[in-house]
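Below are the chains, spelled out letter by letter.
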Amino acid sequence: MSSIVLGVAGGIASYKSAELLRLFTESGYDVTVVPTRSSLNFVGAATWEALSGKPVQADVFEHVDEVPHVRIGKGADLVVVAPATANIIAKAAHGLADDLLTNTLLTARCPVVFAPAMHTEMWEHPATQANVATLRARGVIVIEPAVGRLTGADTGKGRLPDPAQIYAVALNVLDGTDRARDLVGRHIVVSAGGTREFLDPVRFLGNRSSGKQGFAIAEAAIARGARVTVVAANVTVEPPAGIDLVRVVSTEDLRQQMLALATEADAVIMAAAPADFRPASYVDAKIKKRADGQTPQIHLVENPDILVELVATRAHKLPVIVGFAAETGDETASVLDHARAKLERKGCDLLVVNDVGSGRAFDQSDNEAVLLGADGSVDHVPFGPKIALGHAILDAVAQRLDR
Ligand code: CTP
């Protein structure tokens, strides 16, 4: 079983790392906790020793005969720093080595994940952002903080993601170490969920997309070192940790966000199901039943095709653009025939084809698909977890980014 170093920096969120530690140890991982001195003001060494079953030290001048400042880092398969404060991020970015954790970060040659937690102002400060960019450029996975209640009465971006979410990122990173972290330094934009088109304040036209596949792609991309933005339309599942999340409702909202983000993305993956039509007009007051029994006539107009617009507006070869096709076969053509025609129509680089006959694909945890490339490639991804399909899509994206 892999060895994990859990670095704990001096933030109030360090109490949540006790839960993270339990998740690791209960799964059988061998965990060495390396707290910073200031973090011991929040959670004491006794807690870490009891939960990890190992002695814990913050300084390099204890047990010097065991050379802990080299041994711990070199023996690790993964280092997770949670919470990562602005201070530890700055020290790591500049290669300081004034305690055991910073020494460990310099000696570790394994993947490193930082889960930042701090006030919004500190996170957004240009110094922190520059340090985060330095770490990411070096291949460190710095996941995005969550948005929510902070230490005081304030709310904003800077919360430590839930321990279970950090745990999921860590497992994906351990899983993906052989994928050579091929998306480090890349920005991947994914759309997820299904858009809604409102008729009146309470009713809408929508669809069954849950957002699971889009989030699974995002999770896989995080594990491969990418910076990930997900534009999520009415998703019904929890977003993974570490993504930048932009919530939208309608196809027009989704369109605006995707077109703006595509200008600086390396890849855009349209996993969302945008509503193809919207009511021609929106009624401000709830539409009432009529006494004469007549039913309302709803006129629909077509929504813009975001994927087609993304292709039409891209500069040169970037971003790599991936579309999805939910298809059913019929008497005129097979699922793949329909999909090939769609790939041609949409003009994207890759089309992920789901056979949705008999309710498959929607709201399920597992999926199977065929990846059709504009270059003529055809890859069948067998039935399996959506994260595996996410990795298969990203394999194809990474290949195209390298061309
Ligand atoms: N898509 C989009 N904008 C739309 C509709 C769809 O960008 N208004 C994208 C989806 O996100 C998906 C791809 O286009 O990546 C294919 O979606 P699908 O619904 O299968 O295609 P349609 O163009 O709606 O084709 P069909 O005529 O089969 O419904």
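Residues numbered from 1 in each chain as written. Predicted model: local features only at pLDDT ≥ 70, side-chain atom pairs only at ≥ 80, totals over all residues. Heavy atoms only, no water.

With respect to the pairing of strand 18 (residues 366–373)
Walk down a regular strand and you will see the side chains alternate between the two sheet faces. For strand 18, the buried fraction is high: six of the eight residues fall into the buried class. By the bridge criterion, four bridges tie strand 17 (residues 350–355) to strand 18 in an arrangement that is antiparallel. The residue of strand 18 that forms the bridge with V352 is L371. Alignment of strand 18 against strand 19 (residues 378–385), held across six bridges, turns out to be antiparallel. Bridge pairing in strand 19 places V370 opposite H380. The hairpin formed by strand 18 and strand 19 contains four residues between the paired strands, and G376 there has a positive phi angle of roughly 95°. (Buried < 20%, exposed > 50% of the residue type's maximum accessible area, 1.4 Å probe, protein only. Helix = DSSP H or I, 4+ residues; strand = E, 2+ residues; numbered from the N terminus. Pairing = 2+ DSSP bridges.)

Some words on the sheet that holds strand 11 (residues 227–233)
Strand order in the open sheet made by the eight strands is 12-11-8-13-16-17-18-19, with mixed pairing throughout. Bordering the open sheet on either side are strand 12 (244–248) and strand 19, each of which pairs with just one other strand. In this sheet, adjacent strand axes meet at a mean angle of 20° when their direction is disregarded. Each of strand 13 (267–270) and strand 16 (320–327) touches helix 11 (residues 306–313); the most contacted strand, strand 16, lies at about 160° to it. (Axes fitted to C-alpha atoms, helices over the stretch in contact; angles between N-to-C directions. Contact = heavy atoms within 4.5 Å.)

Here we look at the domain arrangement of the chain
Here the chain is partitioned into domain 1 (3–175) and domain 2 (187–401). On a C-alpha basis, the centres of domain 1 and domain 2 stand 35 Å from each other. Counting from both sides, the interface comprises 12 residues of domain 1 and, opposite them, 13 residues of domain 2. Summed over both sides, the interface between domain 1 and domain 2 buries roughly 960 Å², with carbon and sulfur atoms accounting for 55% of that surface. Looking only at domain 1, the three residues that lose the most surface to domain 2 are E144, Q165 and N172, adding up to 50% of its buried area. Linking domain 1 to domain 2 there are one salt bridge. The residue K157 makes a salt bridge to D244 at a minimum N-O spacing of 2.6 Å. With six residues, the top contributor of residues to the side of domain 1 that touches domain 2 is helix 8 (residues 163–175). (Domains from an automatic or database assignment. Buried area = accessible area lost by both parts, 1.4 Å probe. Salt bridge = Lys/Arg side-chain N within 4 Å of Asp/Glu carboxyl O.)

Overview of helix 7 (residues 126–137)
For helix 7, spanning 12 residues, the distance from its first C-alpha to its last is 16 Å, which sits close to the expected 16 Å at 1.5 Å a residue. Of all the positions in helix 7, only T128, N131, V132, L135 and R136 are classed as buried. All buried residues of helix 7 project into a common sector of 135° when viewed along the axis, lining one side. Facing away from the buried side of helix 7 by more than 90 degrees, the exposed set consists of P126 and A137. Against the buried residues of helix 7 lie helix 4 (86–94), strand 4 (112–116), helix 6 (120–124), strand 5 (141–142) and strand 11. G139 occupies a position one or two residues after helix 7 and carries a positive phi of about 100°. (Expected span 1.5 Å × (residues − 1). Arc of directions from axis to C-beta.)

Comments concerning helix 5 (residues 100–107)
Residues that lie three or four places apart on an α-helix share one face, since the helix turns once every 3.6 residues. Burial analysis of helix 5 places seven of its eight residues in the buried class, which makes it a mostly covered element. Of all the positions in helix 5, only L100, L101, T102, N103, T104, L105 and T107 are classed as buried.

Details of the pattern of salt bridges
Tallying each qualifying case throughout the model produces 20 salt bridges. Ionic pairing is found between R290 and D292, a salt bridge with its closest N-O pair at 2.7 Å. We classify R290 as partly exposed; its relative accessible area is 48%. With a shortest N-O distance of 2.7 Å, E327 and K342 are connected by a salt bridge. With E327 in strand 16 and K342 in helix 12 (residues 335–346), the pair connects residues that are 15 residues apart, well separated along the chain. Across the pair, exposure class does not vary: E327 and K342 are buried alike. One salt-bridge network, held together by shared partners, links R136, E144, K157 and D244.

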